[in-house]
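Each chain is listed here by its residues.
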Amino acid sequence: MIPMESDNKIFPMLAKTFAGLEDVLRDELITLGAQNVETGNRVVSFEGDLEMLYKANLCCRTALKILRPIEMFTATDPDDLYDKVRDLDWEEYMTADTTFSISATVNSADFPHSKFAVYRVKDGIVDHFYDHQGRRPSIRLQGADLQLDVHISDQRVTISLNSSGEPLSKRGYRVEATEAPLNEVLAAGIIMKTGWRGDCPFFDPMCGSGTFLIEAALIAANINPGVFRPGYAFEKWPDFDSETFERLYNDDSEERSPAFPIIGADIDPQAVLTARKNIRSARLEDMIKVECKDFAAWQDAPVADPGIIVTNPPYSERLKVDDPQVLFHNVGSQLKRLFGGWHAWILGYRDEDFASIGLKPSVKFPINNGGLECTLREYVLFDGNYADFKTDGGSVHNDTFVRRQKPARRESDEEWESNARRISGSKRDRKPEKPRGDRFDKKSRFGKKSRFEGDDRDDKRGFSRDRNRDRKPFKPYQGSNSRYKPSDRGPRIDASHTAFTSPGSMRSRKVWKKRPDEENNDD
């Protein structure tokens, strides 16, 4: 098994994501310094040390969770699964006083119900401790000390530690939401799939609660998306290195000033108010401008310089509109009339809605949005007719867009067994299990001090997220023809601010520092 005290030891990890975003996540991990990075189906495998695990959680925009595999074995049915789990050396990871939770993904004819698989894993763990100590650890659905992830494919079982806790899409900045808000990881992934990295103006004319705008600002300013979260599951691990994590968390040396404006609008005043609240919560109000305005009411592009439009119009599934085809027709008319030289990326659901736009897309990319099989389409916009545009050397084709790659081939039994031996160690080397009838025998290996009993650490979960220094001031975009004039400062944190506790977190943590006006609002 992988010991919990790893120091600089390299170990395998898995980063889960949405289908179609694997290539983006792969590139993120390579940039962070991950080793042996390989893409799979909605997952990217990689290797690194504890610092790499912390960086993956803090920095990856398109990861849903970061897993650390600890056991791999085969099981033929739920009872066999129970027996294998019961025989594992769980003292490596927990005690009878440790609370734990289990989530499972099952794709196997031998395990038709994922919840039953969860029950059998839970039973195996608690009965293991009952065998050795006569006490059972407790399940806790929220905020457990140890969060386990079980993946079953046919008869192959992988048990991992979930280092993230709640999905990484729960950034921590969303204080309000409109109806059917876009998932933050999906929003960041869509923006990064377009190739935009803050190198031209960004506009979302139907911004809703502002998810595209906020994720775009985080990308443009190179702000890690994980700095807003109240906590991570790995902070409860016995080998948690608070000094390393604090150094990574407080490192803003790579943050930069957005070079171009980020602008949003929506016809709904309540949506605009919600977006502004979320933007303010993320400390990005100096980077993003939001207006209450119908897209059909725009008489000019929001800025003179050509840029990119990324938007998710309502298509009358969860968010109702009178006639989505009329809406999409109006979108197409405005794109052709006002946005020559821009690139528009539109997320939609029905082909007939897209047809109403009246433009030929250069990219069609399938994306699952909240259970709906949607499509992301790019439209290259130009002035005049297509013949003249083509004569001038223009093209509506996009040869650089990375479409979904073919899923990696399934590992052979020999390859899988080799990985299982690497993760779990040779099971033949394990000590024989005690007879299961001897449940109250106190002379067990549990008598030695467990790694989860190291409570004498002075810094146990004492990490403070207060910044030690002010951020560098951001230099806002000041294009000669731009109507976008933000103030000349970024999300600077003053020493006079006082810490506050984020509501709705897994546990009370210091997250950011209050502004003076937020102090007054508490009165």
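To start, this report covers the structure provided alongside it. (Residues numbered from 1 in each chain as written. Predicted model: local features only at pLDDT ≥ 70, side-chain atom pairs only at ≥ 80, totals over all residues. Heavy atoms only, no water.)

For helix 1 (residues 22-32), the set of buried residues is E22, D23, V24, L25, E28, L29 and L32. Looking at the buried positions of helix 1, the neighbouring elements they touch are strand 1 (11-16), strand 2 (35-39), strand 3 (43-48), helix 2 (50-59) and helix 5 (184-194). G33 sits one or two residues past helix 1 and shows a positive phi near 105°. (Buried < 20%, exposed > 50% of the residue type's maximum accessible area, 1.4 Å probe, protein only. Helix = DSSP H or I, 4+ residues; strand = E, 2+ residues; numbered from the N terminus. Contact = heavy atoms within 4.5 Å.)

A word on the environment of N224. Following the sequence through the fold, N224 ends up in the loop between helix 6 (211-221) and helix 7 (242-249). With 27 residues separating them in the primary sequence, N224 and D251 have C-alpha atoms 9.6 Å apart. Excluding anything up to four places from it in sequence, N224 contacts L58 and C59.

Taken as a whole and assessed by the stated rule, the structure comprises zero disulfides. Among the cysteines around C207, which has no disulfide bond, C292 carries the closest sulfur, lying 9.3 Å off. Taking the relative accessible area as the measure of exposure, C207 reaches 7% and is therefore buried. (Disulfide = S-S within 2.5 Å.)

This paragraph deals with the packing of aromatic side chains. Scanning the entire structure with this criterion turns up 20 aromatic pairs. Taking the centre distance of 5.2 Å and the plane angle of 70° together, the rings of F203 and W298 count as edge-to-face. Here W298 lies in the loop between strand 10 (288-292) and strand 11 (308-311) and F203 lies in strand 8 (residues 202-204), a separation of 95 residues in the sequence. Here F203 and W298 have matching classes, each one buried. Taken together, Y54, Y232, F234, F240, F245 and Y249 form an aromatic cluster joined through their ring pairs. Looking at R68, its charged tip hangs above the ring of F11, at a distance of 3.9 Å from the centre. (Phe/Tyr/Trp six-rings, centres within 6.5 Å; stacked < 30°, edge-to-face > 60°. Lys NZ or Arg CZ within 6 Å of the ring centre and 35° of its normal.)

A two-sided burial pattern is seen for strand 11, the buried positions comprising I308 and V310 on one face and I309 and T311 on the other. Both strand 8 and strand 11 contribute to a ladder of two bridges, which runs parallel. Bridge pairing links F203 to I309 in strand 11. (Pairing = 2+ DSSP bridges.)

For the coordinates displayed, the defined rule picks out 22 salt bridges. Of the charged contacts in the structure, one is a salt bridge between E47 and R422, with a shortest N-O distance of 2.4 Å. Of the two residues, E47 sits in strand 3 while R422 sits in helix 12 (residues 413-424), which places them 375 residues apart along the sequence. What makes E47 buried here is its relative accessible area of 10%. (Salt bridge = Lys/Arg side-chain N within 4 Å of Asp/Glu carboxyl O.)

Running from N to C, helix 1 and helix 2 cross one another at 130°; their axes reach a closest spacing of 10 Å. With respect to each other, helix 1 and helix 2 are oriented oblique. The two elements helix 1 and helix 2 cross, and the hand of that crossing is right-handed. Where helix 1 abuts helix 2, its residues E28, L29 and L32 lie against M52, K55, A56 and C59. (Axes fitted to C-alpha atoms, helices over the stretch in contact; angles between N-to-C directions. Parallel < 35°, antiparallel > 145°, perpendicular 65-115°, else oblique. Left-handed = near helix turned anticlockwise from the far one by under 90°.)

A word on the side chain of T95. Residue placement: T95 occurs in the loop between helix 3 (78-86) and strand 5 (100-107). Here the side chain of T95 touches D97 through a polar contact of 3.0 Å, landing on its backbone nitrogen. (Polar contact = N/O pair within 3.5 Å; in protein donor to acceptor, adjacent residues only side chain to side chain.)

A few words now on the pairing of strand 9 (residues 262-266). Each regular strand displays side chains that alternate between the two surfaces of the sheet. Along strand 9, five of the five residues are buried, which leaves the element largely enclosed by surrounding structure. Where burial is concerned, the two faces of strand 9 agree: the one with I262, G264 and D266 and the one with I263 and A265 are both buried. As judged from the three bridges shared by strand 8 and strand 9, these two strands associate in the parallel manner. Each residue of the ladder has a partner; that of F202, found in strand 9, is I262. In the sheet, strand 9 pairs with strand 10 via five bridges, with the strands oriented parallel. Counterpart to D266 in the pairing with strand 10 is C292. Read from strand 9 through helix 8 (residues 269-281) to strand 10, the crossover connection turns out right-handed. (Right-handed = clockwise from strand over helix to strand, strands pointing away.)

Right, let's get into the layout of surface pockets. A probe matching the size of a water molecule, rolled over the atoms, marks out where space remains unfilled. Approximately 980 Å³ is the volume attributed to the second largest pocket. Along its surface, the second largest pocket is lined by 39 residues, and E28, R61, M192, R197 and N222 are the ones closest to its centre. Elements that contribute at least two residues to the lining of the second largest pocket include exactly helix 1, helix 2, helix 5, strand 12 (343-348) and strand 14 (372-380). Among the elements that make up the lining of the second largest pocket, the one with the highest residue count is helix 1 (six residues). Its residues assigned to classes, the lining of the second largest pocket shows 14 nonpolar, eleven polar and 14 charged. (1 Å grid on protein atoms, 1.4 Å probe; cavity = no way out; pocket = protein on both sides within 12 Å on 5 of 7 lines; lining within 4 Å. Points joined across faces, edges and corners; volume = space filled by probe spheres on them. Nonpolar A, V, L, I, M, F, W, Y, C, P; charged D, E, K, R; others polar.)

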